[in-house]
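# Remarks on the overall topology
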Amino acid sequence: MIHLRVIDWAVFATYFLFVLGVGVAVKRSIRTSNDFFLSGRAMPAWIAGLAFMSANLGAQEVIGMAASGAKYGIATSHFYWIGAIPAMVFLAIFMMPFYYGSRARSVPEYLRLRFDEKTRGFNAMSFALMTVMSSGISMYAMGLLLNLLLGWDFTASVWLCAGIVLVYILLGGLTSAIYNEVLQFFLIVFGFAPLVMLGLQDVGGWDGLQAGLQRVAVSQGFAADAWSHSWRQMGSTGANPMGVEWFGLAMGLGFVLSFGYWCTDFLLVQRAMAAESMQAARRTPLIATWPKMLFPFLIILPGMIAVALAADSGHSGFALPLKPDGQTNYDLVIPQMLARYFPSGMLGLGLTALIASFMSGMAGNVTAFNTVWTNDIYRPYVRRSASDAHYLWMGRVATVGGVLLSVACAYVASAYNNIMDVLQLVFAFVNAPLFATFLLGMFWQRCNGHGAFFGLLSGTLAAAVHHGLSLPAHTLPGMKGGWIAVWHMYPSEMAQNFWTAIFAWSTSFVVTVVVSLMTPPPDRSSLVGLTWGATPRQQTPAGLAWYDRPVLLGVLALAAVFALNLAFF
Amino acid sequence: MHFDIRLPIGTMFSLLGLMLVGYAIGGDPAATHVLAPRAIDAGWGAVMFIFGGLLLVLARRHRRAQHAR
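Remember, it's a predicted structure, so these values are computed and weren't measured experimentally.

Reading the values: rules and limits
Residues numbered from 1 in each chain as written. Chains lettered and ligands numbered in written order. Predicted model: local features only at pLDDT ≥ 70, side-chain atom pairs only at ≥ 80, totals over all residues. Helix = DSSP H or I, 4+ residues; strand = E, 2+ residues; numbered from the N terminus. Buried ≥ 20, exposed ≤ 12 C-beta atoms within 10 Å, placed from the backbone. Contact = placed C-beta atoms within 7 Å. Rg over C-alpha atoms; globule rule 2.2 N^0.38 Å. Nonpolar A, V, L, I, M, F, W, Y, C, P; charged D, E, K, R; others polar. Expected span 1.5 Å × (residues − 1). Domains from an automatic or database assignment. Axes fitted to C-alpha atoms, helices over the stretch in contact; angles between N-to-C directions. Parallel < 35°, antiparallel > 145°, perpendicular 65-115°, else oblique. Left-handed = near helix turned anticlockwise from the far one by under 90°.

This paragraph deals with the overall build of chain B. Counting its secondary structure elements, chain B contains two helices and zero strands. When each of the 69 residues of chain B is scored for burial, the buried share is 33%. In chain B, once contacts between residues fewer than 6 apart in sequence are set aside, the share between residues at least 24 apart is 78%.

A tally of helices and strands in chain A yields 21 helices and two strands. Scaling as 2.2 N^0.38, a compact globule of 569 residues should have a C-alpha radius of gyration of about 25 Å, and chain A matches this with 23 Å. In terms of overall dimensions, chain A has a C-alpha envelope of 70 × 55 × 55 Å along the principal axes. Across the 569 residues that make up chain A, the buried fraction comes to 58%. Sequence separation of at least 24 residues holds for 79% of the intrachain contacts in chain A that already meet a minimum separation of 6.

Attention now goes to the interface of chain A and chain B. Contacts between chain A and chain B engage 31 residues on the former and 24 residues on the latter. Going through the elements one at a time, α1 (6–27), α9 (154–203), α15 (333–341) and α16 (346–381) of chain A are the ones with two or more residues in the side of chain A that touches chain B. Residues of the side of chain A that touches chain B, tallied by class, amount to 22 nonpolar, six polar and three charged.

Before going further, it helps to examine α1(A). With 22 residues, α1(A) extends 32 Å between its outermost C-alpha atoms, agreeing within 8% with the 32 Å of an ideal straight helix rising 1.5 Å per residue. All of the buried residues in α1(A) are I7(A), D8(A), V11(A), Y15(A), F18(A), V19(A), V22(A), G23(A) and V26(A). Where the residues of α1(A) are buried, they touch α9 and α16 of chain A together with α1 (6–26) of chain B.

All names here are of chain A. On domain assignment, one finds that chain A holds domain 1 (6–108 + 149–364) and domain 2 (420–538). A C-alpha centroid distance of 26 Å is found between domain 1 and domain 2. Each partner contributes residues to the interface: domain 1 has 24 residues there, and domain 2 has 18 residues. Secondary-structure elements contributing two or more residues to the side of domain 1 that touches domain 2 are α6 (85–101) and α11 (246–264). Ranked by residues supplied to the side of domain 1 that touches domain 2, first place goes to α11 with 12 residues. Of the residues in the side of domain 1 that touches domain 2, the class split is 14 nonpolar, nine polar and one charged.

Taking burial as the measure, the nine residues of α15(A) include eight buried ones, the bulk of the element. Those residues of α15(A) lying buried are V333(A), I334(A), P335(A), Q336(A), M337(A), L338(A), R340(A) and Y341(A).

Residues and elements named next belong to chain A. At a minimum axis separation of 9 Å, α11 and helix α20 (residues 493–518) run at an interaxial angle of 60 degrees. Taken together, the axes of α11 and α20 lie oblique to each other. Handedness of the crossing formed by α11 with α20: left-handed. Contact residues: G248, L249, M251, G252, L253, V256 and L257 in α11; A495, F498, W499, A501, I502 and W505 in α20. Residues of the contact of α11 with α20, tallied by class, amount to 11 nonpolar, two polar and no charged.

With that settled, the discussion passes to unusual backbone geometry. All names here are of chain A. At R41, a residue that is not glycine, the phi angle is positive and equals roughly 45 degrees. The topology assignment puts R41 in the loop between α2 (33–38) and α3 (45–55). You will see that R103, though not glycine, has its phi angle at about 65 degrees, which is positive. Among the secondary structure elements, R103 is positioned in the loop between α6 and α7 (107–114).

Below is the structure:
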């Protein structure tokens, strides 16, 4: 257990005070529901961009990616370099004009404008459920970690962090959440950067790290470069610790899951929708691409350093943390590294960065939940025409409800050790088919509401059937799959996830096309501003500086990520 | 923009930086870490102080430019 001193507590207290202070400062500018849910569409691009990045930096991200860095090495960067950047560029250049230009308040509302009420309702319900579960599991992970590391009571830490997030969102709505996400972003960078520097110094620099990772790879029966090169061992599933091959990786992660998450998840899109103009909205994900592509060096590298140090434990005196059953507990890699390298003061800063990541992820979920609940469930299904003040009030009630449901989910997660698996399944079942719906909806005018709805339903069903008929190696039929029959064995859970997404997306795509062709086409005049073919092209205003041009920024981001892939090939 | 977010972020980082530097100079010597001496606190605290100060300067310049307009 880590022993904290007064200076560490003072760092915690300072952070909490400023986070609440931002909420108080923003409060007086919240007058309408548009201010509360969409920040009055007044955010500069750089703030919305950093918030876009930070809302994705939840507990699973920081703890989980460091854990994956230790388990799989630099190949974990696929979740960033092909699993995020191309989708973020696609969102900015091709999809943002429709999201922002349609003046929809949410992703489900865009679906209503483009398709019909039933498609919006389906997406709103599944999204609301996903956000609450995701937020609850993040909270559970945080409570567990603080209990294990600092001996804090699980209930007290969950309620303290939930209470602070609740207060600052109640006060300032999305504006408060976005401002705090920017603050949390810088805190995470400053909290983890010294960890990487000290760790690299300890392991003998970059060369020492490479040598250590080669020892790890060889000791586990892989080629020496399996931990230190991202593509070289992707030729077959047995050649790398992830158990995936290049096609499943590129199609499953790089296309379906990545585009499904980054281009359709309202949690992220909401930050761009809050931007002050169309140009700013398009630049929001593009600004986020730069920290996103560099974050592997901040989050994955500590995990790689830890496993390299552990491979030479006789010299380094470092051993990876273990679970009670004797298996390696990769989730504790980051906290263990903080305890190893940081003296008092810096330790407070590192732990505050960890808590900030939990809180920014939770705030992202809660603000997305209150918007979708109020605009896409309460307004159309409960009280259709009420005053703006009433919907603002309902947004605040939904914030309280969202936080309470998240806390309840945290307790459910603490009682069932497989709820994380359920969440992963829900994501694969919901996001993958949704991307097919959006792709066809935005770029094929013949696509209609019946096609979209049945495409979504059948895609979700296909994901469930594929999951029920396949099983990852070394697991038993049940939550991990094979609950109908075992027709196919995958070498890893990751490979199964990627292929579940591919099946779901393909089914949704085909069914949407077939049903749309069998039913009447939508009225073309209603598609202006909602689809590529029916909307006049966005002309970039003349005289814009290079850094204000979305297409140029997108090309630069893609070139940079290509160079990174080459450098670590 | 509702208010300049660089003001609270700059203030917080300046304050945290000062706290770390102050602790490194006058804190409990028994708290010294084996692998990371307290000079880390001082060095990184200074970096955070400079970063916070930079944000405050940028926010101030932005406000002046707005007043001038």
